2 protein chains.
Amino acid sequence: MGKPDEVKLLGIWASPFTRRVEMALKLKGIPYGYLEEDLENKSSLLLALNPIHKKIPVLVHNGKTIIESHVILEYIDETWKHNPILPQDPFHRSMARVFARLVDEQIINVGFISLAKTEKGRESLVEKTRELIKYLEKELAGNDYFGGKTVGFLDLVAGSVIPFCLERAWEGMGVEVITEEMFPEYNKWVKKLNEVEIVVACIPPREKHILHMNKMGEKIRSA
Amino acid sequence: MGKPDEVKLLGIWASPFTRRVEMALKLKGIPYGYLEEDLENKSSLLLALNPIHKKIPVLVHNGKTIIESHVILEYIDETWKHNPILPQDPFHRSMARVFARLVDEQIINVGFISLAKTEKGRESLVEKTRELIKYLEKELAGNDYFGGKTVGFLDLVAGSVIPFCLERAWEGMGVEVITEEMFPEYNKWVKKLNEVEIVVACIPPREKHILHMNKMGEKIRSA
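Residues numbered from 1 in each chain as written. Chains lettered and ligands numbered in written order. Predicted model: local features only at pLDDT ≥ 70, side-chain atom pairs only at ≥ 80, totals over all residues. Heavy atoms only, no water.

Per an unreviewed UniProt entry, chain A goes by the name glutathione transferase and belongs to Thlaspi arvense. Of the comments in the UniProt record for chain A, the one headed Catalytic activity (unreviewed entry) reads "RX + glutathione = an S-substituted glutathione + a halide anion + H(+)". (UniProt positions renumbered as here; feature names shortened; annotations may be inferred.)

Encoded structure:
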């Protein structure tokens, strides 16, 4: 049987990329140790484990280092096969991966509306964000989650970024981007996500998170 | 047994992202129809199949549309399981995915050295490219291919981009970025790749490709 698995996660409390990895570990019921990093003052462990990108999250499993949140989620799903997070069918897997990239490569970029320096810039970002959310709205139609009846890969990726990160930033700046009228499926999904104990257990504390997002926006804008 | 698979690929002759998908289909021995696209004048089929990104490559398999080259390669590997292109071990799979992202998100960006407007800018891009190629050099040590003894996922991703695209651009502008002395493992790997019939069959014709890369560089620089 060998020794039990040793699993360590290096992350940041406010990082959606870390949050989703914790969600996946909890969904699989994998015990792990968590090490909080400080991006202003990265640990020598982080620099040693991820010399290429020097970024969190980093997963260490029995001495092997896995980086980048999508890659880590795939690794977790391939290593512990119970409670699968990716769909089984290759086509549905490909859709989950494509939409996960849409979230991390596009929605996250336009969604930091607080970074726009002008009112017009903000309006344009709000509009672009809505255009992209429309694709998710369509994917969700008729389903509880992106994964169907249970939380899966795309729920973790999109959930960590949109309702539990971007929407908090928007709330902090008093901008309404996604209304229930505009995106009923999306809003139903967020309510369902909020019922999943394992997801909720990994979300950063609300008020502290909003303050953090406000500060981050200010800092980047004035840089 | 059902009907035979219907596989169509929409792509561009000079696109490394298309080339690697063709290589994967040929490695698996999957018959497919190829449709050459014109990015200046995209076909209505491309726009209909990939309304989100409007980009090639697009794979259509029995009426299902799969986009983005990494996602397509994973789909091909999951759908036709013979001649696997990703390693079987989850950790090695994760490394292949991380390095594939390094190629497409970083090396490709710094590698378009022709886009620098100044001599100093060029030198800096050459240096950055070499820094990144070092990671690949280390991965290759002691192996014929990234996949070990046979061509795999990362060979297709890195091969399509570096020796069979960027190096041609560098040749066209008379810049030597990767010498045999600096990167012996890399150069050994390129020689091995050039021995793989299926890979060679998918590479764009050399002279035409160099001219194309030159023109592309000029066009982007003057935009």
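1. Topic: the interface of chain B and chain A
With 26 residues of chain B in contact, the opposing surface of chain A contributes 26 residues. Between chain B and chain A the total buried area reaches about 2400 Å² when both faces are included, carbon and sulfur atoms providing 63% of it. Inspection of the chain B/chain A interface yields eight salt bridges. The interface formed by chain B and chain A includes ten residue pairs in polar contact (both at pLDDT 80 or more). Of all the secondary structure elements, the ones that give two or more residues to the side of chain B that touches chain A are β4 (64-67), α3 (69-79) and α4 (90-111) of chain B. Examining the composition of the side of chain B that touches chain A, we find that eleven residues originate from one element, α4 of chain B, more than from any other. Taken together, the residues of the side of chain B that touches chain A break down into twelve nonpolar, six polar and eight charged. (Contact = heavy atoms within 4.5 Å. Buried area = accessible area lost by both parts, 1.4 Å probe. Salt bridge = Lys/Arg side-chain N within 4 Å of Asp/Glu carboxyl O. Polar contact = N/O pair within 3.5 Å; in protein donor to acceptor, adjacent residues only side chain to side chain. Helix = DSSP H or I, 4+ residues; strand = E, 2+ residues; numbered from the N terminus. Nonpolar A, V, L, I, M, F, W, Y, C, P; charged D, E, K, R; others polar.)

2. A closer look at the sheet that holds strand β3 (residues 58-61) of chain B
Each strand in a sheet pairs with another by means of backbone hydrogen bonds, the pair being arranged parallel or else antiparallel. All names here are of chain B. In space, the four strands of this open sheet follow the order β2-β1-β3-β4, with mixed pairing throughout. Edge positions in the open sheet fall to β2 (33-36) and β4, since each of these has one partner strand only. Recorded for the sheet is a direction-independent mean angle of 20° between the axes of neighbouring strands. Where strand β1 (residues 7-11) meets β2, four bridges bridge the pair, whose relative direction is parallel. If you follow K8 over to β2, its bridge partner there is G33. (Pairing = 2+ DSSP bridges. Axes fitted to C-alpha atoms, helices over the stretch in contact; angles between N-to-C directions.)

3. Details of the UniProt feature "domain: GST C-terminal" (unreviewed entry) in chain A
Under the UniProt annotation, "domain: GST C-terminal" (unreviewed entry) lies at residues 89-216 of chain A. Helix makes up 70% of residues 89-216 of chain A and strand 0%. Its end C-alpha atoms lie 40 Å apart.

4. A few points about empty space enclosed by the protein
Rolling a probe over the atoms, with the probe sized like a water molecule, indicates the empty space that remains. Evaluated as defined, the whole model comprises two cavities of 30 Å³ or more. For the largest cavity, the calculated volume is near 150 Å³. As for the largest cavity, its lining consists of 13 residues, and the residues nearest its centre are E74 and R101 of chain A together with E74, R97 and R101 of chain B. Across the lining of the largest cavity, the residue classes tally to five nonpolar, two polar and six charged. (1 Å grid on protein atoms, 1.4 Å probe; cavity = no way out; pocket = protein on both sides within 12 Å on 5 of 7 lines; lining within 4 Å. Points joined across faces, edges and corners; volume = space filled by probe spheres on them.)

5. Some thoughts on a nonpolar patch on the surface
There is a patch of nonpolar side chains on the surface, built from L115, M216 and I220 of chain B and spanning about 220 Å² of accessible area. By secondary structure assignment, the location of L115 of chain B is in the loop between α4 and α5 (119-140). (Patch = residues over 30% accessible without salt bridge, like charges linked within 9 Å, V, L, I, M, F, W, Y side chains within 5 Å. Areas by Shrake-Rupley, 256 points an atom, 1.4 Å probe, with all protein chains shown as cover.)

6. Some points on the domain arrangement of chain A
All names here are of chain A. The domains assigned to chain A are domain 1 (7-79) and domain 2 (90-221). On the side of domain 2, 22 residues touch domain 1, which itself brings 16 residues to the contact. Three residues stand out in domain 1 for area buried against domain 2, namely W13, M23 and H70, and they jointly supply 36% of the buried area on that side. Counting every contact that joins domain 1 to domain 2 gives three salt bridges. E40 is the salt-bridge partner of K219, the closest N and O atoms lying 3.2 Å from each other. Where domain 1 touches domain 2, the interface holds eight residue pairs in polar contact (both at pLDDT 80 or more). Of all the secondary-structure elements, those providing two or more residues to the side of domain 1 that touches domain 2 are α1 (16-28) and α3 (69-79). At nine residues, α1 tops the list of elements feeding residues into the side of domain 1 that touches domain 2. Partitioning the side of domain 1 that touches domain 2 into residue classes produces eight nonpolar, two polar and six charged. (Domains from an automatic or database assignment.)

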